[in-house]
Amino acid sequence: MFLGLFCPMAQSEQKLVTPFSLVVDAVLVIVFFIYMYSVLKTHVPSSDPHMILLWGVITTSCVTGVFWLALQMFRVVYRAQRAAGKK
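Residues numbered from 1 in each chain as written. Predicted model: local features only at pLDDT ≥ 70, side-chain atom pairs only at ≥ 80, totals over all residues. Heavy atoms only, no water.

In this section: helix α2 (residues 49-86). Taking 1.5 Å per residue as the helical rise, α2 with its 38 residues ought to reach 56 Å, and the 54 Å between its terminal C-alpha atoms agrees with that figure. In the core, the buried residues of α2 are packed alongside α1 (19-40). (Helix = DSSP H or I, 4+ residues; strand = E, 2+ residues; numbered from the N terminus. Expected span 1.5 Å × (residues − 1). Contact = heavy atoms within 4.5 Å.)

Next up on the list: the pattern of salt bridges. Tallied over the full model, the rule gives 1 salt bridge. A salt bridge links D25 to R75, with the shortest nitrogen-to-oxygen separation between them at 2.3 Å. Placement of D25 in helix α1 and of R75 in helix α2 is noted, with a sequence separation of 50 residues between them. (Salt bridge = Lys/Arg side-chain N within 4 Å of Asp/Glu carboxyl O.)

We now examine the side chain of D25. Given the relative accessible area of 8%, D25 is considered buried. Here Q72 takes part through its side chain, which lies 3.0 Å from a polar atom of the side chain of D25. Beyond its immediate stretch of four places on either side in the chain, D25 contacts L71, Q72 and R75. (Buried < 20%, exposed > 50% of the residue type's maximum accessible area, 1.4 Å probe, protein only. Polar contact = N/O pair within 3.5 Å; in protein donor to acceptor, adjacent residues only side chain to side chain.)

On to the packing of α1 against α2. Look at α1 against α2: their axes get within 8 Å of each other, and the N-to-C directions meet at 140°. Helix-helix and strand crossings are classified by hand; for α1 and α2 the assignment is right-handed. Residues belonging to the contact of α1 with α2 are distributed by class as follows: 14 nonpolar, 7 polar and 2 charged. (Axes fitted to C-alpha atoms, helices over the stretch in contact; angles between N-to-C directions. Left-handed = near helix turned anticlockwise from the far one by under 90°. Nonpolar A, V, L, I, M, F, W, Y, C, P; charged D, E, K, R; others polar.)

Right, let's get into the environment of M51. Of note, M51 is situated in helix α2. According to the relative accessible area criterion, M51 is partly exposed, its value standing at 33%. Taking C-alpha positions, M51 is 9.7 Å from K41, a pair spaced 10 residues apart along the chain. In contact with M51, not counting residues within four places along its chain, are V44, S46 and G56.

Let us look at the packing of aromatic side chains. Overall, the coordinates contain 2 aromatic pairs when judged by the stated rule. Between F32 and F67 the ring centres are 4.1 Å apart and the planes differ by 10°, which places this aromatic pair in the stacked class. One end of the pair, F32, is in helix α1; the other, F67, is in helix α2, with 35 residues separating them in the sequence. Considering the side-chain rings of F74 and Y78, the 6.1 Å spacing of their centres and the 15° angle between planes classify their relative orientation as stacked. Highlighted residues: F74 and Y78, both in helix α2, separated by 4 residues, approximately one helical turn. Owing to a relative accessible area of 57%, F74 belongs among the exposed residues under this scheme. Assessed through its relative accessible area of 42%, Y78 is described here as partly exposed. (Phe/Tyr/Trp six-rings, centres within 6.5 Å; stacked < 30°, edge-to-face > 60°.)

In structure tokens, the structure reads:
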């Protein structure tokens, strides 16, 4: 009944992660982190610089993680659409 759910996925012939894509992702994530920190630090309800740094970094880390996941999903969908267009 549920046997189809546990079958292994077919392996892709093409390499999904290249050194160039890792560098591009790292640069985009770092730039996004810096930008979001500059935006979110102004929303911390404190005048203590250490608390602003702490909560700004914690909040920005969560948002940056979501950005990274969205970037990976975009990459997968883009490659699937490109592959479907070639067929």
